[in-house]
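Descriptive analysis of the structure
What follows is the residue order along each chain.
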Amino acid sequence: MRILLLTHTFNSLCQRFFVELAGRGHEVSVELDINDRVSEEAVRLFDPELIVAPYLKRAIPERVWRDRVCLVVHPGIVGDRGPSALDWAILDGEEEWGVTLLQANAEMDAGDVWASRRFTMRSATKSSLYRNEVTEAAVDALIEAVGKQAGGGFRPAPLSSLPARGRPRPPMRQVDRRIDWARDSTEMVLRKIRASDGSPGVIDNVLGEEMYLFDAEEERELRGRPGEIIAANEVGGGIGGGICRATDDGAVWISQIRMKAAGDELPLKLPAAMLLRERLNGIPEARGSRLHEIRYEERDGIGYLHFPFYNGAMSTTHCVKLRSAFLQASAGGARVLVLMGGPDFWSNGIDLNVIEAAGSAAEESWRNIEAMNDLARAIITATGLVTISALQGNAGAGGVFLALAADRVYARSGVVLNPHYKAMGNLYGSEYWTYLLPRRVGEAMAMELTELRLPIGAAAAKTMGLIDDHFGRDVPEFRRRVEEIATGLAHDPDLDRTLREKAMRRQADELRKPLEAYRVDEMKHMRLNFFGLDPSYHVARYNFVHRVPHSRTPFHLAKHRLPGWGRRS
Ligand code: COA
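Analysis parameters
- Here the residue numbers are simple positions, counted from 1 along each chain's written sequence.
- Selection of residues for local features in this predicted model requires a pLDDT of at least 70, selection of side-chain atom pairs for listing and counting requires 80 or more, and totals for whole chains, interfaces and linings are taken over all residues.
- Excluded from the side-chain calculations are hydrogens and water; all other atoms, namely the structure's heavy atoms, are used.
- We count a stretch as a helix when DSSP gives it H or I for four or more residues in a row; a strand needs E for two or more, and each element gets its number in order from the N terminus.
- When accessible area is computed with a 1.4 Å probe and restricted to protein chains, residues below 20% of their type maximum are described as buried, those above 50% as exposed, and intermediate ones as partly exposed.
- Note on contacts: a residue pair qualifies if any of its non-hydrogen atoms lie within 4.5 Å across the two residues.
- Per-residue and other accessible areas were derived by the Shrake-Rupley procedure at a 1.4 Å probe size, with only the shown protein chains allowed to occlude residues.
- Counted as positive: Lys and Arg. Counted as negative: Asp and Glu. His and the chain ends are not counted at all.
- Think of each charge as sitting on NZ of Lys, CZ of Arg, CG of Asp or CD of Glu.
- At least two DSSP bridges between two strands are required for those strands to pair.
- Axis definition: a line fit to C-alpha positions, over the contact stretch in the case of helices; interaxial angles, taken between N-to-C directions, run 0 to 180 degrees.
- A 3.5 Å cut-off defines polar contacts: any pair of N or O atoms within that distance qualifies, except that in protein one atom must be a possible hydrogen donor and the other a possible acceptor, and neighbouring residues in sequence count only when both atoms are side-chain atoms.
- When we say a residue is near a molecule or strand, we mean one of its heavy atoms is within 4 Å of it.
- A helix is expected to span 1.5 Å for every residue after the first.
- An arc is given here, and it is the one of the directions from the helix axis to the C-beta atoms.
- What counts as a domain boundary in this text is fixed by an automatic or database domain assignment.
- Two parts placed together each lose some accessible area under a 1.4 Å probe, and the buried area is that loss summed for both.
- Salt bridge, as used here: a side-chain nitrogen of Lys or Arg that lies within 4 Å of a carboxyl oxygen of Asp or Glu.
- In this classification, the charged set is Asp, Glu, Lys and Arg, the nonpolar set is Ala, Val, Leu, Ile, Met, Phe, Trp, Tyr, Cys and Pro, and all remaining amino acids, among them Gly, are polar.
- Disulfides are defined as pairs of cysteine sulfur atoms found within 2.5 Å of each other.

Description of the overall build of the protein
A count of helical and extended segments in the protein gives 20 helices and 22 strands. With the principal axes as the frame, the protein shows a C-alpha extent of 65 × 65 × 55 Å. Burial statistics for the protein: of 569 residues in total, 55% are counted as buried. The contacts in the protein between residues at least 6 apart in sequence include a share of 70% that link residues at least 24 apart. Accessible surface computed for the protein: about 24,300 Å², of which carbon and sulfur atoms make up 50%. Of note, the protein has its 74 positive side-chain charges centred 2 Å away from the centre of its 77 negative side-chain charges.

Spelled out as structure tokens, the structure:
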């Protein structure tokens, strides 16, 4: 079937739809919702049999929904309506929530129902629920709805005919999210910040200035006067980088902050202690939030290295610390070491926000990529133990290539990979990708992946050899299976031979072309990207971190806009 994905941005849910539908043999194209005329043009050019809207911020043009079946994903249970569905579900402490696929009509979220799913809520941020429970439920519902459309003759149920528990809700405003430090319990503060995570954050007065708070976690020991900042962590700009604020019955760590916009530009979201550095004099330093800490555990001769960095972004400091943790872990007793990343992301490469905030973005980009390379090199050259990359969550750009530095790569089945850099202003990329990618998928496929700039689902990644296997419908199931595999390896009587072979292969590869030579070649290109005359990378990074809206759909997504499309179809 020809299916058009009409979406505000090509976000993780849209990418997952793209790979699921393409993987089932559908012809899929993407149009970013820029204005009515452009959307109508996309429909004319692509002539879709079905339009799916995974993530829209405004209504589908009437001319489009009157002419074609348009299915809108609503991240709420049947009957729920409004643009803040998940926000309300978290704030209201719903125990069960859902996703509904509605047919677009004149009234927002009130169309006939094609499919719906329910899931149990988790104590987590809006973004985490969206990337996990909502995404899995939406994919299930989408596959059901596409089957119905393909079968023909399906008549969706009018919303009014269904026993709905949901109801129309207004957009959540900042007054709904606002924290009353004197009254709100820790639980309520956490709910408010989690309901606002990703975007828009909770406006709050911090040290006399209004700013947006993100990324909160409970502090179990420190206490103080409600609202007071009672501790800070890594004020020098470390990993936690948060501030701790007392609540009515406890305290919370707040790790990310965005200043209020003064003009049109959306300010950067940055580690709280880094942003407030000068104003935190006299505030005691404490250990900080555990949410994004590097954590190492060893069980049954197997090491598990967790690095759940916020949004999977890895600053220079993150890379340096993770490399030390890796070297320390690999020098210990474990003979199998699993690189766990975090539950939501494995890695998204260098930290573009921290780079943007640096005095010289070019210099910081260089430092960051060098630190990434040092980390990748440490993993590639660790011949004394078997390394496994366990992708519980998505990975993008340098994060994917870092994963390939390990001997084995496993991903949760729902994971989406973006094994390319080019979308970030023609960035060439490093992390030894010119060594790591062709050795897994061959030269031709390596070229195709980097040029096409498309997301890859776990199943396709396995077929092309990018990863070794995928399994697990959710994170706990994936982790259990990874542990089984790691245990099997650690107790394998042939482990010594496996390690001897690994060392010999590394030696042979080094003789063929030294690792350093790959790095030098890649960094020559990166020097041009960072310091050369072409500013594309700096412009793309600026647009990405400041969320500058797209003005057109990139051609690699909108195949209906490629020259020759009409003649081909
Ligand atoms: N540095 C800083 N922040 C990053 C990041 C990075 N490398 N990659 C992702 N993020 C942030 C986003 O800004 C967003 O922040 P939010 O919390 O304010 O919403 C969040 O992570 C989620 O990213 P988003 O783009 O919404 O996720 P997605 O799943 O829809 O898309 C990617 C995934 C990987 C395609 C996309 O995030 C991306 O292109 N990232 C940049 C990768 C890159 O070029 N890295 C540098 C080269 S190594």
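Quick notes on the sheet that holds strand β13 (residues 295-299)
Strand order in the open sheet formed by six strands is β13-β14-β15-β17-β19-β22, with mixed pairing between adjacent strands. With partners counted over all chains shown, the strands left at the sheet margins are β13 and β22 (469-471), one partner each. Adjacent strand axes in the sheet meet at a mean angle of 20° when their direction is disregarded.

Overview of the side chain of N11
Within the element layout of this structure, N11 appears in the loop between β1 (2-7) and α1 (12-23). Residue N11 is classed as buried on the basis of its relative accessible area of 14%. A distance of 2.9 Å separates a polar atom in the side chain of N11 from the backbone nitrogen of C14.

Section: the site of the ligand
Inspection of the region around the ligand gives 23 residues, with S12, K269, I350, L352 and R547 positioned closest. For the ligand, a nitrogen atom lies 2.9 Å from a polar atom in the backbone of L352. Protein contacts shield 86% of the accessible area of the ligand, which totals 850 Å² for the unbound molecule. Listing elements by their share of the shell around the ligand, those giving two or more residues are α1 and α10 (352-357).

Looking at helix α17 (residues 495-512)
Spanning 18 residues, α17 covers 26 Å between terminal C-alpha atoms, matching the ideal 26 Å at 1.5 Å per step. For α17, the complete set of buried residues consists of L495, L499, K502, R506 and D509. Viewed end-on, α17 has its buried residues packed into an arc of 85°, placing them on one side of the element. Exposed and facing more than 90 degrees away from the buried side of α17 are R500, M504, Q507, L511 and R512. Buried residues along α17 sit against α11 (361-380), β17 (386-391), α13 (433-441), α16 (475-490) and α18 (515-531).

Quick look at the sheet that holds strand β4 (residues 70-74)
A sheet is described by the order of its strands in space; here six strands give the open sequence β2-β1-β3-β4-β5-β6, paired in mixed fashion. Strands with a single pairing partner mark the edges of an open sheet, and in this sheet they are β2 (27-32) and β6 (113-120). The sheet shows a mean angle of 20° between the axes of neighbouring strands, direction not considered. Judged from the three bridges that link them, β1 and strand β3 (residues 50-53) form a sheet pairing that is parallel. Its bridge partner being in β3, L5 is matched across the sheet by V52. Packed onto the sheet, α1 meets β1, β2, β3 and β4 and runs at close to 175° relative to β1.

Considering the pairing of β2
Buried residues dominate β2, accounting for five of its six residues. Pairing of β1 with β2 involves six bridges; the strand directions are parallel. In the strand pairing of β2, L4 is matched with S29.

Topic: the pairing of β13
Sheet analysis places β13 next to strand β14 (residues 302-306), joined by five bridges and oriented antiparallel. Bridge pairing in β14 links Y296 to L305. The hairpin turn running from β13 into β14, its antiparallel successor, is two residues long, and D300 in that turn takes a positive phi close to 55°.

Structural notes on α16
In an α-helix, one turn spans 3.6 residues, which is why side chains three or four residues apart end up on the same side. Between the first and last C-alpha of α16 there are 22 Å, a value that for 16 residues agrees with the 22 Å anticipated at 1.5 Å per step. Within α16, burial applies to V475, F478, V482, I485, A486 and L489. Within α16, the buried residues cover an arc of 100° as seen down the axis, which keeps them to one side. Structural note: α16 exposes R480 and E484 on the side pointing more than 90 degrees away from its buried face. Where α16 begins, the side chain of D474 points an oxygen toward the backbone nitrogen of E477, at a separation of 3.0 Å.

Section: the domain arrangement of the protein
According to the domain assignment, the protein contains domain 1 (2-161), domain 2 (174-279) and domain 3 (295-473 + 496-529). At the interface, eleven residues of domain 1 touch 14 residues of domain 3. In total, domain 1 and domain 3 occlude about 1,000 Å² of area from one another, counting both sides; carbon and sulfur atoms represent 48% of this. For the domain 1 face of the interface with domain 3, the top three residues by lost area are V19, R131 and E136, together amounting to 42%. Viewed at the interface, domain 3 and domain 1 are joined by two salt bridges. Two residues, R473 and D140, come together in a salt bridge whose shortest N-O distance is 3.2 Å. Taken together, domain 1 and domain 3 are joined by five residue pairs in polar contact (both at pLDDT 80 or more). Every element with two or more residues in the side of domain 1 that touches domain 3 is listed here: α1 and α5 (126-151). For the side of domain 1 that touches domain 3, the residue count by class is three nonpolar, four polar and four charged.

Brief notes about the side chain of S39
Assignment of secondary structure puts S39 in helix α2 (residues 36-46). For S39, a relative accessible area of 1% gives the class buried. Among the polar contacts made by the side chain of S39, one reaches the side chain of D33 at a distance of 3.5 Å. Apart from the residues lying within four places of it in its own chain, the contact partners of S39 are L6, D33 and P61.

Side note on the state of the cysteines
Inspection of the entire model under this criterion finds zero disulfides. With no disulfide of its own, C70 lies closest to C14 among cysteine sulfurs, the gap being 14 Å.

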